[in-house]
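Residue strings, one per chain:
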Amino acid sequence: MIHRFAVLGIAILAAIPAFAQTETSWTMPRLSDGHPDFQGIWTNKTITPLERPKELGNKAFFTPEEVKAYTQSTLERNNKDQRGGGVRDVLNAYNAFWWDSGTKVLKNMRTSIIVDPPDGRIPPLTPHQQALMQERAEAIKIRCQRPGCAIANIGLLMPSDQPEELDLMTRCISFGTVVPMFPSAYNNDYQIVQAPGVVAIDTEMVHEVRRIPTDGSSHLPANVREWIGDPRGHWEGDTLVVDSTNFLTVEGRGARGTDENLHLIERFTRVGPDTLLYQFTVDDPTVFTKPWSGEIPMTKTEGPLYEYACHEGNVGMRDIIAAARADEKKAAGQPAGKQ
């Protein structure tokens, strides 16, 4: 039986972008084992959106003129130095100096990071997932009729009276930039280190390290789960292919809405002295009606990676829980007192 990844993998592998084919004078650097040398620091920061704007339909690429217009409008819209006062200032968090989400579209000039489906958008959810999300939303609505809820990072009212109730970002466990390797608001750098039988990728955002065995070892048993999955790598020519399963989720919720059935395939291909082509396919049959794929030409950068000391001084989580306790006491007619 042909797995649906096989067809997607062939299509992605065949689609080496034109920008990479122009670097004809370049010679692939290799390690002593003959495999390509990916080591160094790479960045994926960009203003190219994950999903294509609906009004662009199946238009996969910008023209140079469209790039200029899109870049100007995007930078103006996202300018954090536009101070509107009140809630707007709170949501902006910092002024523009502290943000580093990029000022350019990807060098492939695509209109979205997602390349399949052809409309460049995440496929619809399965009926099962829609029903599950509705059920959870109703449960949270009932729960939050009582004190101890607050607006979470996702912008929705959520329980906040116990550490385990808080999202992974607030708890400094993961910011969702590791698998797949999506760009974020800042700290969009990744350091790759290679050794015999293993590749390690250090993600600057929250300082998460993926250790990817390339020694032919099998996946962990199905009952052993990890926040960023259990990766296993192998080489297909000069491309590193990483197969990840065994994801751990919170109440069935993982990165980008995935669940514990997520199967992620990633491909890393060095296509130039300063370009590492990152391609991925998300397959989660209980969440999405079909797999979806994307690509990001990552650019080599000097670095260094900066420590993301999320836990140190993380007074946010402490204060959130303290506020929940104060709400509970207020509802009970008790003085809040010292937290």
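Residues numbered from 1 in each chain as written. Predicted model: local features only at pLDDT ≥ 70, side-chain atom pairs only at ≥ 80, totals over all residues. Heavy atoms only, no water.

Q: It is not clear to me how the overall build of the chain should be interpreted in this structure. Could you clarify?
A: Within the chain, the secondary structure is distributed over six helices and 12 strands. The buried share of the chain, taken over its 339 residues, is 42%. Taking the intrachain contacts of the chain between residues at least 6 apart in sequence as the baseline, contacts between residues at least 24 apart amount to 60%. Total accessible area on the chain stands at roughly 18100 Å², and carbon and sulfur atoms take up 57% of it. (Helix = DSSP H or I, 4+ residues; strand = E, 2+ residues; numbered from the N terminus. Buried < 20%, exposed > 50% of the residue type's maximum accessible area, 1.4 Å probe, protein only. Contact = heavy atoms within 4.5 Å. Areas by Shrake-Rupley, 256 points an atom, 1.4 Å probe, with all protein chains shown as cover.)

Q: Would you mind going over the side chain of Arg-270 with me for this structure?
A: Checked against the element boundaries, Arg-270 lands in strand 10 (residues 263-272). This buried residue, Arg-270, is left without a salt bridge; Asp-37 holds the nearest opposite charge, at 5.1 Å. Excluding its chain neighbours within four sequence positions, the residues that come into contact with Arg-270 are Trp-26, Met-28, Pro-29, Asp-37, Phe-38, Trp-42, Thr-275, Leu-276 and Lys-300. (Lys, Arg positive; Asp, Glu negative; His and termini not counted. Salt bridge = Lys/Arg side-chain N within 4 Å of Asp/Glu carboxyl O.)

Q: Can you help me understand the pairing of strand 8 (residues 230-236) in this one?
A: Moving residue by residue along a regular strand, the side chains alternate between the two faces of the sheet. Within strand 8, five of the seven residues are buried, which leaves it mostly tucked inside the rest of the structure. Note: strand 8 against strand 9 (residues 239-245), seven bridges, orientation antiparallel. Bridged to Arg-232 within strand 9 is Asp-243. Counting the residues between successive antiparallel strands, the hairpin from strand 8 to strand 9 contains two residues, one of them, Gly-237, with a positive phi of roughly 65°. (Pairing = 2+ DSSP bridges.)

Q: Just checking my understanding: could you explain the pattern of salt bridges for this structure?
A: Evaluation of the coordinates by the stated rule reveals 10 salt bridges. We note a salt bridge from Lys-45 to Asp-100, for which the minimum N-O separation is 3.0 Å. Of the two residues, Lys-45 sits in the loop between strand 1 (40-43) and helix 3 (64-77) while Asp-100 sits in the loop between helix 4 (87-92) and strand 2 (114-116), which places them 55 residues apart along the sequence. Ionic pairing is found between Arg-267 and Glu-236, a salt bridge with its closest N-O pair at 3.1 Å.

Q: Honestly, the packing of aromatic side chains in this entry has me stumped. Any pointers?
A: The description of two aromatic rings rests on the distance between their centres and on the angle between their planes. Under the counting rule described, the total for this entry stands at 10 aromatic pairs. Taken together, a centroid distance of 6.1 Å and an interplanar angle of 90° make the contact between Phe-280 and Trp-292 edge-to-face. Here the residue Phe-280 occupies a position in strand 11 (residues 275-283), and Trp-292 occupies one in strand 12 (residues 292-301), the gap between them amounting to 12 residues. Note on accessibility: Phe-280 and Trp-292 belong to one class, buried. (Phe/Tyr/Trp six-rings, centres within 6.5 Å; stacked < 30°, edge-to-face > 60°.)

Q: Any chance you could explain unusual backbone geometry here in plain terms?
A: For the bond from Val-179 to Pro-180, the omega torsion is -15°, close enough to zero to count as cis. Checked against the element boundaries, Pro-180 lands in the loop between strand 4 (157-159) and strand 5 (189-195). Cis rather than trans, the peptide bond between Gly-303 and Pro-304 has omega equal to 5°. With respect to the helices and strands, the residue Pro-304 is situated in the loop between strand 12 and helix 6 (315-331). For Met-109, which is not glycine, the phi dihedral falls at a positive 60°. Summarising the element assignment, Met-109 is placed in the loop between helix 4 and strand 2. Positive phi outside glycine occurs at Val-206, with the angle close to 70°. Accessibility expressed as a relative area gives 8% for Val-206, which makes it buried.

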